[in-house]
Amino acid sequence: MCLSIPSKIKSIDSEMNTCIVDTMGVERGASLDLIDQDVVVGDYVLLHIGFAMNKIDEEDAMESLKVYREIIDKMEEEDRLAAIAESENCPNR
Amino acid sequence: MNDELELKDLYDGFRDADTIKAFAKIIEEDAKKLGKTINIMEVCGGHTHTIMKYGIPQLLPDNINFIHGPGCPVCIMPKERIDSAYILSLQEDVILVTLGDMIKVPGSKGSLQDARAKGADVRFVYSPLDCIKIAKENPSKKVIFFAIGFETTTPMTCSLLEAVVKQEINNVYFHINHVTVPEVMKELIDSRDEHVDSYNNRIDAFLGPSHVSVISGSKIYEQFPEHYKRPVVVAGFEPVDVMQAISMLVKQFIENRCELEIEYKRLVSYDGNKRAQEMMDKYFKKVMFKWRGLGNIPTSGLELKDEYNKYNAKEIYKDVLPIEEIEDHKLCICGDILRGIANPPDCTVFGTACKPTKPIGSCMVSSEGACAAYYKYGNLLK
């Protein structure tokens with residue numbers, strides 16, 4: 001019910017206040033009645049029961065993805081250092 | 001990753017297995033410092049679904065527990081209201097329109113699927129605005145929109161009403177069954193009824209709903225950290241969102257903080273979608289709502305304001321709609337599950353007399369209900 005989906009605006013019909021969005025390759029129409037920000041073609045929106053609910057903040061999305069990448073990199077680095085430390089302690093070395 | 005966002009990042013990036021594992025590791029380390037068990041209620045059924053689908057309980061240490069909340073619009077619908085939909089659909093010249101999730105929910109007389117088998121014209125639409133097309137194509141019929149959902153779907157109903165008023169369409173009516181989240185969260189913490197002492201609830205923290213918050217803003221949860229001393233983190237629906245939000249909650253506990261935070265910043269702000277909120281204020285007033293499994297909760301429901309009575313199917317069809325209350329099934333413990341004092345497998349009819357194909361209680365009704373999620377993905381539990 002509530003599992004809305006991120007979609008990309010492909011075209012806007014400003015007279016009808018509707019848009020065509022791409023949801024992972026599927027194109028469909030959506031109403032822009034609830035959008036309280038300016039939207040342009042290429043923006044990402046959250047689609048729910050035929051309505052664009054809100055614009056997706058690209059900067060925040062990118063920031064989150066960057067933070068995740070950093071966390072993973074840090075863990076991989078810790079694993080690598082742990083492996084080196086282990087091999088240095090290895091009696092058969 | 002390029003510095004430009006692509007649609008697939010919004011899917012894959014927040015479902016990435018390595019990121020989920022990384023958060024599992026962080027949470028495991030942090031949870032050792034907790035010194036106690038914390039019970040996190042995910043209010044929203046969408047989160048329940050994600051938690052079960054991705055086996056998140058399995059990835060978490062033993063001292064982090066989930067309590068599955070009442071946030072599924074279909075699950076919380078009392079039988080009386082489903083009976084109303086059923087009765088309305090069988091009235092002369094009526095086309096009953098609703099959202100797909102409602103099809104198999106049983107009332108005391110049957111589901112809308114059963115009404116259809118009896119010849120009722122029941123239609124499930126992708127968008128509430130589809131009602132306009134149906135109404136124009138069927139000028140001699142009365143199109144009744146059976147509106148369901150939390151703050152997430154309420155503005156869409158408003159948008160339909162606005163279009164109906166503006167375009168002077170005279171054959172669209174509304175049966176409103178919208179409910180609001182903060183009131184039920186409060187009820188779960190501080191109510192007391194003859195059945196359950198909610199003061200003994202185990203809820204230590206809340207995972208705030210994703211898309212309700214897109215509309216309402218995180219401000220609606222402010223009272224929970226401030227007044228009830230329960231931290232809230234508003235989380236997105238993807239598994240990485242849920243893991244990050246849990247990590248944020250655990251950090252609050254170990255740092256002795258109790259705050260309202262937003263994990264789902266790419267869509268949720270403190271103020272939310274103001275246009276949607278204005279539309280809700282324009283058309284709706286707050287009323288008592290009887291929740292399936294939980295009973296009457298004051299001001300937790302929405303109803304059309306009196307000036308829109310000529311669109312209100314409850315007024316127009318008041319002579320045929322049910323007024324008596326119907327008790328929940330005696331063996332069903334959905335109320336206890338929603339209040340966080342029992343788990344689905346604790347129920348004697350779980351998976352036996354009560355299954356998704358023939359649900360007895362609310363939590364088995366839709367795929368977002370706690371019982372349905374346990375039934376489908378329960379083998380992932382440790």
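Each remark here, short or long, concerns the structure printed above.
The structure contained in this document is the topic of the report that follows. This structure is a prediction, so every number in the text was calculated from the model and none was measured.

The rules behind these values
Residues numbered from 1 in each chain as written. Chains lettered and ligands numbered in written order. Predicted model: local features only at pLDDT ≥ 70, side-chain atom pairs only at ≥ 80, totals over all residues. Heavy atoms only, no water. Helix = DSSP H or I, 4+ residues; strand = E, 2+ residues; numbered from the N terminus. Rg over C-alpha atoms; globule rule 2.2 N^0.38 Å. Buried < 20%, exposed > 50% of the residue type's maximum accessible area, 1.4 Å probe, protein only. Contact = heavy atoms within 4.5 Å. Expected span 1.5 Å × (residues − 1). Polar contact = N/O pair within 3.5 Å; in protein donor to acceptor, adjacent residues only side chain to side chain. Core = buried A, V, L, I, M, F, W, Y, C linked by side-chain atoms within 4.5 Å. Phe/Tyr/Trp six-rings, centres within 6.5 Å; stacked < 30°, edge-to-face > 60°.

**Digging into the overall build of chain B**
Inference 1: Each helix and strand counted, chain B has 17 helices and 11 strands in total.
Inference 2: Compactness check: chain B gives a C-alpha radius of gyration of 21 Å against a globular reference of 21 Å for 382 residues, within 12% of the reference.
Inference 3: Projected onto the principal axes, the alpha-carbon positions of chain B cover approximately 65 × 50 × 35 Å.
Inference 4: In chain B, buried positions account for 62% of the 382 residues.
Inference 5: For chain B, contacts bridging at least 24 residues in sequence account for 75% of all contacts bridging at least 6.

**Here we look at helix α8 (residues 154–166) of chain B**
All names here are of chain B.
Inference 1: With 13 residues, α8 extends 18 Å between its outermost C-alpha atoms, agreeing within 8% with the 18 Å of an ideal straight helix rising 1.5 Å per residue.
Inference 2: By the criterion of burial, α8 is predominantly enclosed, with 10 of the 13 residues buried.
Inference 3: Glu168 occupies a position one or two residues after α8 and carries a positive phi of about 50 degrees.

**Overview of unusual backbone geometry**
Inference 1: One non-glycine residue with positive phi stands out, namely Asn17(A), at about 55 degrees.
Inference 2: Assignment of secondary structure puts Asn17(A) in the loop between β1 (5–13) and β2 (18–23).
Inference 3: In the Ramachandran plot, Asp93(B) falls in the positive-phi region, its phi being about 60 degrees despite a non-glycine side chain.
Inference 4: Here Asp93(B) shows up in the loop between α5 (79–89) and β3 (94–99).
Inference 5: Classification of Asp93(B) by relative accessible area gives partly exposed; the value is 38%.

**Focus: the environment of Tyr270(B)**
Residue and element names in this part refer to chain B.
Inference 1: Tracing the sequence through the fold places Tyr270 in the loop between β9 (260–262) and α13 (274–283).
Inference 2: When neighbours within four sequence positions are excluded, Tyr270 is seen to be in contact with Ser216, Gly217, Ser218, Lys219, Glu222 and Ile262.
Inference 3: In this structure the side chain of Tyr270 is engaged in a polar contact, spanning 2.8 Å, whose partner is the side chain of Glu222.

**Overview of the nonpolar core**
Inference 1: Counting 146 residues, the largest nonpolar core has Ile64(B), Phe174(B), Phe206(B), Tyr221(B), Ile246(B) and Trp291(B) as its most contacted members.
Inference 2: Of the residues forming this core, the biggest block, 9 residues, is contributed by helix α12 (residues 239–254) of chain B.
Inference 3: Those residues within four positions of Phe174(B) in sequence are excluded, and the remaining contacts are Phe145(B), Thr157(B), Leu160(B), Leu161(B), Leu304(B), Tyr311(B), Asn312(B), Ala313(B) and Lys314(B).
Inference 4: Among the nonpolar cores identified, the runner-up in size contains 10 residues, and Val21(A), Ala30(A), Val45(A) and Leu47(A) belong to it.

**A few points about the packing of aromatic side chains**
Inference 1: Taken as a whole, this structure holds 9 aromatic pairs over all chains when the rule is applied.
Inference 2: For the pair Tyr68(A) and Phe14(B), a centre-to-centre distance of 5.9 Å together with 85 degrees between the ring planes defines the contact as edge-to-face. Of this pair, Tyr68(A) sits in helix α1 (residues 58–88) while Phe14(B) sits in the loop between α1 (7–12) and α2 (17–31), placing the two residues on different chains.
Inference 3: Residue Tyr68(A) is classed as buried on the basis of its relative accessible area, which comes to 2%.
Inference 4: Look at Phe14(B) and you get buried, because its relative accessible area is 0%.

Limitation: the analysis is restricted to geometry and does not speak to function.
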